[in-house]
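Listed here are the chains, written in short residue letters.
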Amino acid sequence: MRIVFFGSPGSGKGTQAAELAKAYSLIHVSTGEIFRAKVLDGTRIGKRIGDTIAAGSLVDDITTNYVLFKAIEGLNRFLVDGYPRNIAQARSFDVHLKNIQSELTCALFLDVPMEVAEKRLMLRRSQRYDKIENYRRADDAPAVIHHRFDVYRRETEPLIQYYSDRIIRVDGTGSPAEVTHKIVKALQQWA
Ligand code: ADP
């Protein structure tokens, strides 16, 4: 099973990806988490990535593809969360997989109306007790959230069309457990 998992900010993608990886014994690769770890290493590249994330923009495709291809090296069962974020990345990934005689099993899209997702993000930040986590996710600041949705609409949403021949669309509203159940069911045909 080789899956890419995408959805808007606040769609619950991160939470669901962790559950799903457990349920199907997949390696969970999150480009967001990889980048956040790089920010902490104190290098110049880390600093540049940190500024990009804090602004709610996308890290450049060359860096992102490099990091992702390395992260999935040698893996045959993976769930990639947060990648691709645009059509150029999706194309590069298809070419890369083809070069290593592989291909995606499907593209999972977690569908949550944007108003709901935006409310969830605002709530998450306001209820967060751990201020260090707020610092870690500086991109959850209200002004930045807006920009992240713009970027999502412009760059990431077109993936629905790009993956139309292999998309699995799951309704992401409802409780986390309900959504996990729906996703696990939708993926059963490849288990
Ligand atoms: P969310 O899904 O909540 O927006 P992520 O953890 O997936 O957050 O990503 C956080 C940030 O990391 C993004 O806003 C972006 O700056 C950067 N990032 C993650 N994945 C990619 C990617 N595939 N391409 C470019 N930038 C990315």
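Structure's up top.
So, here is what we can say about the structure in this document. Since the structure is predicted, the reported quantities are computational estimates derived from the model, not experimental observations. (Residues numbered from 1 in each chain as written. Predicted model: local features only at pLDDT ≥ 70, side-chain atom pairs only at ≥ 80, totals over all residues. Heavy atoms only, no water.)

## A word on the packing of helix 4 (residues 61-71) against helix 5 (residues 87-99)
Thought 1: Interhelical geometry of helix 4 versus helix 5 gives an angle of 40° and a closest axis separation of 11 Å. Pair helix 4 / helix 5 crosses with right-handed handedness. Only Ala-88, Gln-89, Ser-92, Phe-93 and His-96 of helix 5 make contact with helix 4, whose side of the interface consists of Asp-61, Thr-64, Asn-65, Leu-68 and Phe-69.
Thought 2: Considering only residue class, the contact of helix 4 with helix 5 consists of four nonpolar, five polar and one charged. (Axes fitted to C-alpha atoms, helices over the stretch in contact; angles between N-to-C directions. Helix = DSSP H or I, 4+ residues; strand = E, 2+ residues; numbered from the N terminus. Left-handed = near helix turned anticlockwise from the far one by under 90°. Contact = heavy atoms within 4.5 Å. Nonpolar A, V, L, I, M, F, W, Y, C, P; charged D, E, K, R; others polar.)

## Here's the deal with the site of the ligand
Thought 1: Around the ligand lies a shell of 17 residues, among which Thr-31, Arg-36, Ser-57, Gly-82 and Arg-148 are the nearest.
Thought 2: In this structure, Val-59 approaches the ligand through a main-chain N or O atom, which is 3.0 Å from a nitrogen atom.
Thought 3: In this structure, an oxygen atom belonging to the ligand sits 2.9 Å away from a side-chain N or O atom of Arg-148.
Thought 4: For the ligand, whose accessible area on its own is 550 Å², the fraction buried by protein is 94%. (Near = heavy atom within 4 Å. Polar contact = N/O pair within 3.5 Å; in protein donor to acceptor, adjacent residues only side chain to side chain. Areas by Shrake-Rupley, 256 points an atom, 1.4 Å probe, with all protein chains shown as cover.)

## Some words on the packing of aromatic side chains
Thought 1: Counting across every chain of the model gives six aromatic pairs.
Thought 2: Taking 5.0 Å as the distance between ring centres and 25° as the angle between the ring planes, the aromatic pair formed by Phe-6 and Phe-109 counts as stacked. Remark: Phe-109 occurs in strand 4 (residues 106-111) and Phe-6 occurs in strand 1 (residues 2-7); sequence separation between them is 103 residues.
Thought 3: According to the relative accessible area criterion, Phe-6 is buried, its value standing at 3%.
Thought 4: Seen in terms of ring centroids, Tyr-83 and Phe-93 are 5.3 Å apart; in terms of plane orientation they differ by 80°. Their pairing is edge-to-face. With Tyr-83 in the loop between strand 3 (78-81) and helix 5 and Phe-93 in helix 5, this residue pair connects regions lying ten residues apart in the sequence. You'll find Tyr-83 and Phe-93 in the same group, each marked buried.
Thought 5: Clustering of aromatic rings is evident, with ring pairs tying together Phe-6, Phe-109, Tyr-162 and Tyr-163. (Phe/Tyr/Trp six-rings, centres within 6.5 Å; stacked < 30°, edge-to-face > 60°. Buried < 20%, exposed > 50% of the residue type's maximum accessible area, 1.4 Å probe, protein only.)

## A closer look at helix 2 (residues 31-39)
Thought 1: Among the residues of helix 2, Thr-31, Phe-35 and Arg-36 are the ones counted as buried. Angularly, the buried residues of helix 2 cover 135° about the axis, an arc narrow enough to put them on a single face. (Arc of directions from axis to C-beta.)

## Structural notes on the pairing of strand 1
Look at any regular strand and the pattern is simple: side chains alternate between the two faces of the sheet.
Thought 1: The buried fraction of strand 1 is high, at six of six residues.
Thought 2: Residues Arg-2, Val-4 and Phe-6 point to one face of strand 1 and Ile-3, Phe-5 and Gly-7 to the other, with burial holding for every one of them.
Thought 3: Strand direction decides the pairing type here: strand 1 and strand 3, joined by four bridges, are parallel. For Arg-2, the partnering residue across the bridge sits in strand 3 and is Phe-78.
Thought 4: Relative to strand 4, strand 1 runs parallel, the two sharing five bridges. Bridging across to strand 4, Ile-3 finds its partner in Cys-106. (Pairing = 2+ DSSP bridges.)

## Thoughts on helix 6 (residues 114-127)
Thought 1: Under the 1.5 Å per step criterion, the end-to-end length of helix 6 is 20 Å for 14 residues, consistent within 8% with the ideal 20 Å.
Thought 2: The set of residues buried in helix 6 consists of Met-114, Ala-117, Glu-118 and Leu-121. Burial along helix 6 is one-sided: seen end-on, the buried residues are contained in an arc of 100°. Away from its buried face, by an angle of more than 90 degrees, helix 6 presents the exposed residues Glu-115, Lys-119, Ser-126 and Gln-127.
Thought 3: Where the residues of helix 6 are buried, they touch helix 8 (142-156). (Expected span 1.5 Å × (residues − 1).)

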